[in-house]
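Summary of structural features
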Amino acid sequence: MSATENTSATKKQIHLAAHFPGVNNTTVWADPRSRSQIDFSSFEHLARTAERGKFDFFFLAEGLRLREHKGRIHDLDVVGRPESITLLSALAAVTDWLGLAATVNATFNEPYETARRFASLDHLSGGRAAWNVVTSPDAFTGENFRRGGFLDRGDRYTRAAEFVATARELWDSWGPDGVPRPFAHHGQHFSIEGKFGVPPSPQGHPVVIQAGDSGEGREFAAAAADVIFTRHGTLEAGRAFYADVKGRLAQYGREPDDLKIMPGVTFVLGDTAAEAQEKAAEIRHQQVSPQNAILALEQIWGRDLSAYDPDGPLPAVDPDPDSALVQGRVKITNALEIAAKWRALSEAKGLSIRQTVIETTGRQSFIGTPETVAAELDAFVQGGAADGFILVPHLTPGGLDDFVDQVVPRLQERGAFRTEYSGSTLRSHLGLRTPVWKG
């Protein structure tokens, strides 16, 4: 895609966030530069790099149970690392400006405790806290909790919406005079009353992030979120998503700038376009090893396919829609449709299992020289496809270094990205209004 540089003083500014890698096969663990996803030094390195690059925030995904594949712990998992808010509280002490976003599940937590933890993080960080609200669909994860995984899809979003509204009631229960007032919430999912134990935090409310592309997720984001974390691979798809979600805001009394749309993206840089493409192909082959190709296929097919050759053809047998082979993942409800598409692609291009998985499971979003990548990122934002990006590097923890050193200066030269922080809170970085007290 091409980009035309807008040099006007009103050029839309790009927002950037750093996603700590380690999810699924995104991270190339075999690379000798890859380091621990447990040691604090890894998190500190990425956070300091993001702050050096003037990023808006640092983002941590989280799960609540180690996933299983064929009855064994899945070894490509984000769950096996420190709890997010604890970790971000430590990072607050070694950063000064960077926003700190933690993922906390609304299905298996409670509003009072969650509101208290995020208000505390907001105080400790001087107004830099953000809450990524997620829900959980499965009883497998629920076994770790008293409640169990009993909520269906619709109820999960209903509970999440009430959860966020209740947390905001708690944050608002302290008045501008600094005096706590009694709160009382009695709804479908929560019935609580008392006094909230933490004074108003520096940015009023922590920033609320919602991740999801479904219709329910889009509606929830339009009603309640400050940022939506999404995925779309083309400029056209991004524009369609952007227009759809922004178009939903007015019915909730909100303005377009009240919700920032930030897709998760990957990148590969090279001194030339050819070098970048070569590096991208190498990374994809490292991410989708022969073992990983079979694992990815089994997640779709729901069958033990260990006897298949990753360099051979796709299975002729259809997926098992009732399989319990994989536990802890969102259940794939259209496995037959996906299998049909993969078979058609494989037959049309003569692809093996591994080649098909490489082709279908997420190419890098932006590949090229630093100047080209900067231009394409700018084109997405100026073209109405995004407000910014959550970058997911393929290396822990140094995968963001080249982007900050080579792409950020070019974005700044284009007038599309800050050269210094202009405020101290995450809301100020994102250009979000301070919440109006509703006590």
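Definitions and limits used
- Residues numbered from 1 in each chain as written.
- Predicted model: local features only at pLDDT ≥ 70, side-chain atom pairs only at ≥ 80, totals over all residues.
- Heavy atoms only, no water.
- Helix = DSSP H or I, 4+ residues; strand = E, 2+ residues; numbered from the N terminus.
- Rg over C-alpha atoms; globule rule 2.2 N^0.38 Å.
- Buried < 20%, exposed > 50% of the residue type's maximum accessible area, 1.4 Å probe, protein only.
- Contact = heavy atoms within 4.5 Å.
- Lys, Arg positive; Asp, Glu negative; His and termini not counted.
- Charge placed at Lys NZ, Arg CZ, Asp CG, Glu CD.
- Axes fitted to C-alpha atoms, helices over the stretch in contact; angles between N-to-C directions.
- Parallel < 35°, antiparallel > 145°, perpendicular 65-115°, else oblique.
- Nonpolar A, V, L, I, M, F, W, Y, C, P; charged D, E, K, R; others polar.
- Pairing = 2+ DSSP bridges.
- Left-handed = near helix turned anticlockwise from the far one by under 90°.
- Core = buried A, V, L, I, M, F, W, Y, C linked by side-chain atoms within 4.5 Å.
- Salt bridge = Lys/Arg side-chain N within 4 Å of Asp/Glu carboxyl O.
- Domains from an automatic or database assignment.
- Patch = residues over 30% accessible without salt bridge, like charges linked within 9 Å, V, L, I, M, F, W, Y side chains within 5 Å.
- Areas by Shrake-Rupley, 256 points an atom, 1.4 Å probe, with all protein chains shown as cover.
- Expected span 1.5 Å × (residues − 1).

Here the focus is the overall build of the protein chain. Tallying secondary structure elements over the protein chain gives 14 helices and 15 strands in all. On C-alpha atoms alone, the protein chain measures out to a radius of gyration of 22 Å, which is about the 22 Å that the 2.2 N^0.38 rule sets for 439 residues. A buried classification covers 53% of the 439 residues belonging to the protein chain. If you take every contact in the protein chain between residues at least 6 apart in sequence, the share linking residues at least 24 apart comes to 74%. Seen as two clouds, the 46 positive and the 56 negative side-chain charges of the protein chain have centres 2 Å apart.

How two helices pack is summed up by the angle between their axes together with the distance between the axes. Running from N to C, helix H1 (residues 40-52) and helix H13 (residues 401-413) cross one another at 5 degrees; their axes reach a closest spacing of 9 Å. Comparing their axes, H13 and H1 come out roughly parallel. Along the contact surface, H1 presents His45, Thr49 and Arg52, while H13 presents Asp401, Val404 and Asp405. When the residues that make up the contact of H1 with H13 are grouped by side-chain class, the tally is one nonpolar, two polar and three charged.

Moving on, we come to the sheet that holds strand S10 (residues 227-230). Pairing is parallel around the closed barrel formed by eight strands, whose spatial order is S1-S2-S5-S6-S9-S10-S11-S15. When the angles between neighbouring strand axes are averaged without regard to direction, this sheet yields 30 degrees. Sheet analysis places strand S5 (residues 99-105) next to strand S6 (residues 129-134), joined by six bridges and oriented parallel. Within the sheet, the bridge partner assigned to Asn105 lies in S6 and is Val134. Docked against the sheet, helix H3 (residues 111-125) engages S5 and S6, running at close to 150 degrees with respect to S6.

The interhelical angle for the contact between helix H12 (residues 370-382) and H13, taken along N-to-C directions, is 55 degrees, at an axis separation of 9 Å. Judged on the interaxial angle alone, H13 and H12 are oblique. Crossing of H12 against H13: the hand is right-handed. Between H12 and H13, the residues in contact are Pro370, Glu371, Val373, Ala374 and Leu377 and Phe403, Gln406, Val407, Arg410 and Leu411, respectively. Within the contact of H12 with H13, the residues separate by chemical class into seven nonpolar, one polar and two charged.

Further remarks concern the nonpolar core. Within the largest apolar cluster, 76 residues are counted, with the highest numbers of intra-cluster contacts made by Phe55, Phe58, Trp131, Phe389, Leu400 and Phe403. With sequence-adjacent residues up to four places away left out, Leu400 is seen in contact with Ala18, Leu46, Thr49, Ala50, Phe55, Phe267, Leu391 and Pro393.

Burial along strand S7 (residues 183-186) is one-sided: Phe183 and His185 are buried, while Ala184 and His186, pointing the other way, are not. Where S7 meets strand S8 (residues 191-194), four bridges bridge the pair, whose relative direction is antiparallel. Within S8, the position partnered with His185 by the bridge is Ile192.

Let's shift gears to the pattern of salt bridges. The final tally for this structure, using the stated rule, is 24 salt bridges. Arg168 serves as the salt-bridge partner of Asp226, at 3.8 Å between the closest nitrogen and oxygen. Of this pair, Asp226 sits in the loop between helix H6 (215-224) and S10 while Arg168 sits in helix H5 (residues 153-171), and the two are 58 residues apart along the sequence. Across the pair, exposure class does not vary: Asp226 and Arg168 are buried alike. The partner of Arg248 in a salt bridge is Glu219, and the shortest N-O contact between them spans 2.5 Å. Within this pair, whereas Arg248 is found in the loop between helix H7 (235-247) and strand S11 (260-265), its partner Glu219 is found in helix H6, the two being separated by 29 residues in sequence. Under the relative-accessibility criterion, Arg248 is labelled buried at 18%. Relative accessible area serves as the criterion here: at 23%, Glu219 is assigned to the partly exposed category.

We now examine the pairing of strand S15 (residues 388-391). The alternating pattern of S15 places Gly388 and Ile390 on one face and Phe389 and Leu391 on the opposite face, and all of these are buried. Here strand S1 (residues 15-19) runs beside S15; their pairing, made up of four bridges, is parallel. Directly across from Ala17, in S15, lies its bridge partner Ile390.

Right, let's talk about the domain arrangement of the protein chain for a bit. Taken as a whole, the protein chain is organised into domain 1 (15-270 + 364-430) and domain 2 (289-360). With centres defined by C-alpha atoms, the gap from domain 1 to domain 2 works out at 30 Å.

Where like charges cluster on the molecular surface, the negative patch consists of Asp271, Glu275, Glu278 and Glu282. With respect to the secondary-structure elements, Asp271 resides in the loop between strand S12 (267-269) and helix H8 (273-287).

Here H5 spans 27 Å end to end across 19 residues, near enough to the 27 Å set by a 1.5 Å rise per residue. Residues Arg156, Tyr157, Arg159, Ala160, Glu162, Phe163, Val164, Thr166, Ala167, Arg168, Leu170 and Trp171 constitute the buried set of H5. Buried positions along H5 lie against H3, S6, S7, S8, strand S9 (207-211) and H6.

The residue after Thr396, namely Pro397, is reached through a cis peptide bond having omega 0 degrees. Assignment of secondary structure puts Pro397 in the loop between S15 and H13. Positioned with a positive phi, Lys54 is a non-glycine residue whose angle comes to about 65 degrees. Its place among the elements puts Lys54 in the loop between H1 and strand S2 (57-60).

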